[in-house]
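Observations on chain architecture
Now for the letters of each chain:
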Amino acid sequence: MKKWIVFTILLLLFGSAGTPEIQAMKNSDTIKGNLVIVGGALGSTNRDVYQKFIDLAGGNDQAKIGIIPAASGSLKSSFAYKKDLLSYGVKESSVEILPVSSHDFSGTEEDESSWKKNSDSRELAEKIEKLTGIWFVGGDQLKITEALLKKNGKNTQALDAIWKIYREGAVLGGTSAGAAIMSDVMITGGDSLGGFKQEFTKKDQSNPSEEYAPVYIEKGLGFFQWGILDQHFDERARLGRLAATAITYNTRDLVYGIDEDTAMVVNNQNQTIEVTGRSGVAVLDVTKAKRKGKQIENVDISYLSAGDKLHAKSKEFTFKEDKAETKGYEYYDFKPLPATGVLSSYGSLKHYLSYSLVDNAITDKVESYIYNSAGEGFKLIFEKGEDTNGYWGYEDGQKDSYSLLHVKMSIEPVSVLFEKKPDLFKDFYQNSSFTSEEEGLEAGNKGSLVIAGGALGSSNQEVYEAFISRAGENPKIGIVPAASSSLKSSFAFKSDLERYGVPAENIDILKIASRDFKGTVENESLWKNNRNDPQLAEQIKNYDAIWFVGGDQTNITASLLNQDGSRSIVLQSIWDIYHNGAVLGGTSAGAAIMSDVMLAGGGSHNTLTSGFIDSYDNMTQQEGGPGYLEKGLGFFPHGIVDQHFDKKARLGRLIATAAAHGQQDEFSYGIDEDTALVLDNATGKLTAAGRGGVSVIDLSKVEEQKDAPSLYKNIRLSWMKSGDVLDLETKEFTIRKDKLSTKDHEYYHYEAAPHSGVLSPHGSLGHFISYNLTDNRTEEVVKSYSFSEGEGFELTFRKGPQTDGFWGYKDGSKDDYSFVGVELDIEPVTVKIQ
């Protein structure tokens, strides 16, 4: 469930079959201009998207750009976009905010509702005709069409002028609402549950007391000639409403769902669509889909990423050249669980289809759900077909980037019934037998830690600078490659350090490993003996910083701990420089080794149901199964650390591990990808840095349930974002100063549906709680579930006396939330699906 905006209602005509009579005009052959259509939340730092728009407008020297503010409630976003264009080199004299609006803006003395008449003035039309680019800011798409269309649906002179320059070669662009208006069929409201229920409306029927809304369609401006568009696609989980709209319209075109911070670049002359930006574009083909009552079969889903292209007329896909096919070469071989809520690994639509299905050798079908609080909804089935394929590569350093081709989706109505059973897993749960002594810090430790949750982007300046700055001037840095299966990631990190100003001669890849690497002549498994090499131990003492790359954390500990678990002399040297002020850092596996208790395997659902296991086969165990623990290196003595936290949904396994081995006065920490938790021992403070968040778990109020080992009551959950600080002594959070408290000032007010899978809006853990609970005045409690084969858990997140949320902007106008003190219960349930 999401915020329902009250839209201005325009007339919508329905045909005899209930299908709106809106037809796309296929005249793209006569259009010389291009489109840059952004799915919303465009980051100011998204150079690829900004540069593409500027280049298509004529470049910094020739561009003349007009910004249309009509969709927004104020002029802030228009001034912000102008500022961004100037930061990328466009001349200030070449950017103008056009007086186009049908409503008054907040925060100004002028009554901009008087601008409505401007749209039909020759003066404004002549001004537009001199432009090379037009940008539509986000907000409410109906306000754009209301400003540019006459009451009879005819074009104003301003809109005719926009069409004129577009046909002659200008670029048109827009974000969010400014993307929605691009197609003839303009999706204006509604959600996926409303779409699957096949409820369409002539007017806005969203109701804050309902957990879904019918799909609301209006006529758009039709600049995009090749199908229907939707925006905020993955973040707001709009697959259902887009698929249902396409089927209802009997479209023969493909339809497109554009993710946030991502653009679809349309070249009308070449009839191509290219993706640029930070996420992807879903492409749906419903020409072979069948609807039987409330069932839908054979919706074809493809997903494009940056650099991929589609020929709009032939419907042929071209993938970025550096990507490799996954078909026949699948990397993963784990049994995926159904995607049922915040404990589902790879729980977003694109990630779930990529990791759990397309790049997974042992499964041909995966499932998810969408339903309301009464359990009434739909089961989603995603399957491989003969033409299904995946394409994998790296982006922004060593982040996975997937493109998908021809996944088949079907849906069927279901009723999901839950019954609480506290002792459901008591006969199956295996307590942890792991034991380990805490290393602890010697008094006076001057060192720092930069603990990254994995998938650290090369462009993540904040995290790199946190590491480099703590190493001092002209630092000497050693890289430990032990976790990886090759030296590629070590060389990649070395290259990144050089890019951020560290001299190449100051960076060494250390001969620390316990296994042979791929792609080298040398047998690096012999390096295991180096852990007690006096010469290497002495070399370590010259470094100002040590970095552990990602991979398998057990390979790091095997390389640095003696067989009896004691410190090798090389490890002791690392401890010595750490004590004297060096910074230690690591990502993924290099984060896991930081605490005394090292999480090396297991998934949330299976750890909560089954407990722990004593054996470890390989990294497949990191994708699921019972929890597996080993002794870590103990540099971080303030609690247990987990990584890839949100993407791999590790909340459950961290809670179970902390309950078994955490100390009463310690928190536990789950670090998201492309994010770091920074410890400065001298101050005793933790700071979050990077693009995701750090979940902080407090079990001090949880009472032990002897007959119900999988039952947890009164967990406290907080979420730190970039710039937020935790004082380890006082246990007090200091939230970044530019953020505002949402308590008693909540922006949203609606009934929130449970988090039920890949089509739950704002599906990541932090966003689900922020949008649906801490910034929603209607809800005191929100729920999620995790289940498989008739058994699972109900997760209840609630506001308590100490709960507060915090909101601000980051990277332009992206929502940036933090929260503290959310209360959480986890209770076993049986599940019946009818």
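Let's talk about the overall build of the protein chain
- For the protein chain, the count of helices and strands is 19 helices and 42 strands.
- Computed over C-alpha atoms, the radius of gyration of the protein chain comes to 27 Å, within 12% of the 28 Å expected from 2.2 N^0.38 for 834 residues, which places it in the range of a compact globule.
- With respect to the principal axes defined by its C-alpha atoms, the protein chain has extents near 80 × 60 × 55 Å.
- Each of the 834 residues in the protein chain was classed as buried or not, and the buried ones make up 60%.
- Counted over contacts in the protein chain with a minimum sequence separation of 6, partners at least 24 positions apart contribute 76%.
- About 31,900 Å² of surface is accessible on the protein chain, with carbon and sulfur atoms providing 46% of the total.
- Between the centroid of the 89 positive side chains of the protein chain and the centroid of its 118 negative side chains there is a distance of 5 Å.

Considerations on the pattern of salt bridges
- By the definition in use, this model includes 42 salt bridges.
- Its salt-bridge partner being Lys 420, residue Glu 827 comes within 3.3 Å of it at the nearest N-O pair. Residue Glu 827 is found in strand β42 (residues 814-833), and its partner Lys 420 is found in strand β22 (residues 399-420); the two are separated by 407 residues along the sequence.
- By relative accessible area, Glu 827 is classed as buried at 10%.
- A residue is classified by how much of its surface remains accessible, and Lys 420, at 46% relative accessible area, is partly exposed.
- When the shortest N-O distance is used, the salt bridge between Arg 798 and Asp 825 registers 2.6 Å. Here Arg 798 is found in strand β40 (residues 791-798), whereas its partner Asp 825 is found in strand β42, with 27 residues between them in sequence.
- Connected through salt bridges with shared partners, the residues Lys 420, Lys 713, Lys 783, Glu 794 and Glu 827 form a single ionic network.

Some thoughts on empty space enclosed by the protein
- Counted by the stated rule, this structure contains two cavities of 30 Å³ or more.
- The space that makes up the second largest cavity amounts to roughly 30 Å³.
- Forming the boundary of the second largest cavity are Leu 337, Pro 338, Thr 340, Leu 343, Ser 344, His 605, Ser 786 and Phe 787.
- For the lining of the second largest cavity, a count of residues per class yields four nonpolar, four polar and no charged.

What counts and how
- Residues numbered from 1 in each chain as written.
- Predicted model: local features only at pLDDT ≥ 70, side-chain atom pairs only at ≥ 80, totals over all residues.
- Heavy atoms only, no water.
- Helix = DSSP H or I, 4+ residues; strand = E, 2+ residues; numbered from the N terminus.
- Rg over C-alpha atoms; globule rule 2.2 N^0.38 Å.
- Buried < 20%, exposed > 50% of the residue type's maximum accessible area, 1.4 Å probe, protein only.
- Contact = heavy atoms within 4.5 Å.
- Areas by Shrake-Rupley, 256 points an atom, 1.4 Å probe, with all protein chains shown as cover.
- Lys, Arg positive; Asp, Glu negative; His and termini not counted.
- Charge placed at Lys NZ, Arg CZ, Asp CG, Glu CD.
- Salt bridge = Lys/Arg side-chain N within 4 Å of Asp/Glu carboxyl O.
- 1 Å grid on protein atoms, 1.4 Å probe; cavity = no way out; pocket = protein on both sides within 12 Å on 5 of 7 lines; lining within 4 Å.
- Points joined across faces, edges and corners; volume = space filled by probe spheres on them.
- Nonpolar A, V, L, I, M, F, W, Y, C, P; charged D, E, K, R; others polar.

Geometry only, nothing functional implied.
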